[in-house]
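Spelled out from the first residue to the last, the chains are:
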Amino acid sequence: MSEKIRVLIIDDSASVRLTLSDIISADPDLEVMATASDPYVAAERIRQEVPDVIFLDIELPRMDGLTFLRKIMSQRPIPVVICSSLAEAGSDTFIEALEAGAVDVVAKPRVDTAQFLQESRMRICDAAKGAAHAKMAGMKKQAPALTVESKLTADAILPAVSETRRKSLIERIPVTEPIVAIGASTGGTEALREILEALPANCPPIIIVQHMPEKFTGAFARRLDAGCAMSVREAQDGEIVRAGQVLMAPGNHHMMLVRNGSRYTVKIADGPHVSRHRPSVDVLFRSTAQTAGRNALGIILTGMGDDGARGLLEMREMGSPTIAQDEETSVVFGMPKEAIQRGAAGRVLPLGKIADEVLAFGHKAQRPGENK
C-alpha cells in the first residue's frame, strides 16, 4: 500500500489546529505530520522533516502567511493549501496566494452544523490529496490516488436522457450562436487565466465551473476581469449569456445552461454535491449538452478526481467538439485523464493551444454548414 500523505498544519488558533487535525487524521490516506502556531515554528519543523502538503493560514503572528508562502516557493517548493477565513469573507488575498504558488484554497472548517462539518471534511481531504498530486519544482513523491467513495451523479440535479431522446434532441437543437463550457479544479485558476487572457473581447460566451468555495469565486472573477479583454464575473441566476462575456459558477452552487426563447441563460441552483463537488462540472456539461448540443465546445482542464468526465462524454455524444488538457501541462492530470479514458475527449491539447481552439470554434460556428 502507498504511504500516507503527510500534512503540516500552520495556524495560530489551537482550536483550528485541533479541528483540522481531527478531519485529516480520520482519512485513511492522510496523516498529520505536525502542527505549528506560526511560520518560525513551522520552518524549524520542516528542517527536520519535509511534509507532502502544508495547510497554511494567512493571518499569522511574527510573519504573515503570504510572506511565508513566497519564501517556501523560492527556497523549497512544497504543495500549499491556503486555509483561511479571510478568503471566505470575500477577500482578494487568496488570489495573491494562488499567484504566489499555492495549489488550492479552502475555507476554515465550519462546525456549526453536522452538514457543514461534513462538507468541510470532504473539501479539506480532497484538497490535501489534490495538492499531493500537484507538479511542483523539486517534488518527486507521487501521492496515492483519491479515495473513490459512493457519490451522486448529475442525475441528482438534472436527469439524463435516453438514447432515443438523445437522438431526438440532436435533430431538434437548431444551429445557434456558439458557446464554450469549461470545467477545472486543482491548478485551474492559472490555467483559466492563461486561456482567458489570450482571448479577444468578441469571443463566444464562456461558462465556467472552477471548484472553489463560496465567496472565493467572486474575488477570482474580479481578478480575471481586470486582466482580460472579455468581461468576467460571477454568474447570477437567470442571467443572459452574451458574446464577449465569461460567467463563472458561484461557489457552493450548481450552474446550468438553459434556453430562454432564442437566448441562453444560466440557472443557479442549490442541491447535493455531485461527483463530490458543488458546483459540479458534470452538472454544467450535462445541461450544456442537452441545451446547446453541437453549438457548444466542451473543455476539461487540470484537476483532481473525475468530475466532468461523464458530462463531457454526454456533450460529445450530442455532437459537441470536446477537448481535454494534456498531462504535460496539467498541474493534476486527474479530471482530463478520466475524460480521455471514457472516450469523452475528441482532442487532447496542451494548455497553450486551447485558446486558439476556442477562437477557431467560434469562427467555424459562424458558418453552420461547416460545423460538425
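Note that the coordinates shown come from a computational prediction; the quantities given were computed from them, not determined experimentally.

Calculation rules
- Residues numbered from 1 in each chain as written.
- Predicted model: local features only at pLDDT ≥ 70, side-chain atom pairs only at ≥ 80, totals over all residues.
- Heavy atoms only, no water.
- Helix = DSSP H or I, 4+ residues; strand = E, 2+ residues; numbered from the N terminus.
- Buried < 20%, exposed > 50% of the residue type's maximum accessible area, 1.4 Å probe, protein only.
- Core = buried A, V, L, I, M, F, W, Y, C linked by side-chain atoms within 4.5 Å.
- Domains from an automatic or database assignment.
- Contact = heavy atoms within 4.5 Å.
- Pairing = 2+ DSSP bridges.
- Axes fitted to C-alpha atoms, helices over the stretch in contact; angles between N-to-C directions.
- Salt bridge = Lys/Arg side-chain N within 4 Å of Asp/Glu carboxyl O.
- UniProt positions renumbered as here; feature names shortened; annotations may be inferred.
- 1 Å grid on protein atoms, 1.4 Å probe; cavity = no way out; pocket = protein on both sides within 12 Å on 5 of 7 lines; lining within 4 Å.
- Polar contact = N/O pair within 3.5 Å; in protein donor to acceptor, adjacent residues only side chain to side chain.
- Parallel < 35°, antiparallel > 145°, perpendicular 65-115°, else oblique.
- Left-handed = near helix turned anticlockwise from the far one by under 90°.

Turning our eyes to something else, we now look at the overall build of the protein chain. What the protein chain contains, in helices and strands, is 13 helices and 14 strands. The 372 residues of the protein chain split such that 58% are buried.

One finds Phe 55 and Leu 69 to be the most contacted residues of the largest nonpolar core, which totals 86 residues. Counting residues per element, this core draws most heavily on helix α6 (residues 114-133), at 7 residues. There are two domains that each give this core at least three residues, and those are domain 1 (5-133) and domain 2 (154-366). In this structure Leu 69 touches Leu 56, Val 80, Ile 82, Ala 97, Ala 100 and Ala 102, once residues within four positions along its chain are discounted. Leu 169, Ala 296, Ile 300 and Ala 345 belong to the second-largest nonpolar core, a separate cluster that totals 31 residues.

This part covers the pairing of strand β6 (residues 179-184). For β6, the tally of buried residues reaches 6 of 6 residues, placing the bulk of the element in the interior. Burial along β6 is two-sided: the residues Ile 179, Ala 181 and Gly 183 and Val 180, Ile 182 and Ala 184 are all buried. As defined by bridge partners, β6 adjoins strand β12 (residues 296-300) across 5 bridges and the pair is classed as parallel. Residue Ile 179 lies in a different strand from β12, and its bridge partner there is Ala 296. As judged from the 5 bridges shared by β6 and strand β7 (residues 206-210), these two strands associate in the parallel manner. The partner of Ala 184 across the bridge, within β7, is Gln 210.

Turning next to helix α5 (residues 93-100). With 6 of 8 residues buried, α5 is to be regarded as a mostly interior element. Here α5 has its buried residues at Thr 93, Phe 94, Ile 95, Ala 97, Leu 98 and Ala 100. Two residues or fewer after α5 comes Gly 101, characterised by a positive phi angle close to 125°.

Attention shifts here to the environment of Val 175. Along the chain, Val 175 turns up in the loop between α7 (163-172) and β6. On the basis of relative accessibility, which here comes to 39%, the residue Val 175 falls in the partly exposed class. Once the C-alpha coordinates of Val 175 and Gly 293 are considered, the two residues, 118 residues apart in sequence, prove to be 9.0 Å apart.

Looking now at the sheet that holds strand β1 (residues 5-10). The strand order β2-β1-β3-β4-β5 describes an open sheet built from 5 strands, whose pairing is parallel. Because the sheet does not close on itself, it has two edges, and the strands there are β2 (30-36) and β5 (104-106). Shown here is a sheet whose adjacent strand axes are inclined to one another by a mean of 25°, direction ignored. Lying on the sheet, helix α1 (residues 14-25) is in contact with β1, β2, β3 (53-56) and β4 (80-83); it crosses β2 at an angle near 165°.

Right, let's talk about the pattern of salt bridges for a bit. Throughout the structure, instances matching the rule amount to 23 salt bridges. Put simply, Lys 108 and Asp 57 hold a salt bridge, and the shortest N to O gap is 3.2 Å. Placement of the pair is Lys 108 in the loop between β5 and α6 and Asp 57 in the loop between β3 and α3 (65-75), with a sequence separation of 51 residues. When its relative accessible area of 3% is taken as the criterion, Asp 57 is described as buried. For Arg 347, the salt bridge identified is with Glu 357, shortest N-O distance 2.7 Å. Of this pair, Arg 347 sits in strand β14 (residues 347-349) while Glu 357 is found in helix α13 (residues 354-365), placing the two residues 10 residues apart along the sequence. In the salt-bridge network here, residues are joined through shared partners; they are Asp 282, Asp 306, Arg 310, Glu 338 and Arg 342.

With respect to the element layout, His 273 can be found in the loop between β11 (263-269) and α10 (281-292). Accessibility expressed as a relative area gives 18% for His 273, which makes it buried. If we skip the residues at most four places from it in the chain, His 273 touches Glu 119, Met 122, Leu 152 and Arg 278.

It is worth spelling out the UniProt feature "active site" (unreviewed entry) in the protein chain at this point. In the UniProt entry, the feature "active site" (unreviewed entry) is given for Ser 185, His 211 and Asp 307. For the residues just named, distributed over 123 residues, the greatest C-alpha separation is only 9.7 Å, placing them together at one site. As for the largest cavity, its lining draws on Ser 185 and His 211 from among the annotated residues. Mapped onto the elements, His 211 comes out in the loop between β7 and α9 (216-227). Using a relative accessible area of 3% as the deciding quantity, one classes His 211 as buried. There is a polar contact of 2.8 Å between the side chain of His 211 and the side chain of Ser 185. In this structure, Asp 307 sits in the loop between β12 and α11 (309-317). In this view, Asp 307 contacts His 211, Val 274, Ser 275, His 277, Pro 279, Ser 280, Val 281, Asp 282, Ile 300 and Met 335; residues no more than four positions away in its chain are not counted. Side-chain polar atoms of Asp 307 contact the side chain of His 211, separated by 2.7 Å.

Running from N to C, α5 and α9 cross one another at 65°; their axes reach a closest spacing of 9 Å. One finds that α5 runs roughly perpendicular with respect to α9. The two elements α5 and α9 meet at a crossing, and its hand is right-handed. The segment α5 lies against α9, with Phe 94, Ile 95, Glu 96 and Glu 99 engaging Phe 216, Ala 219, Phe 220 and Arg 223.

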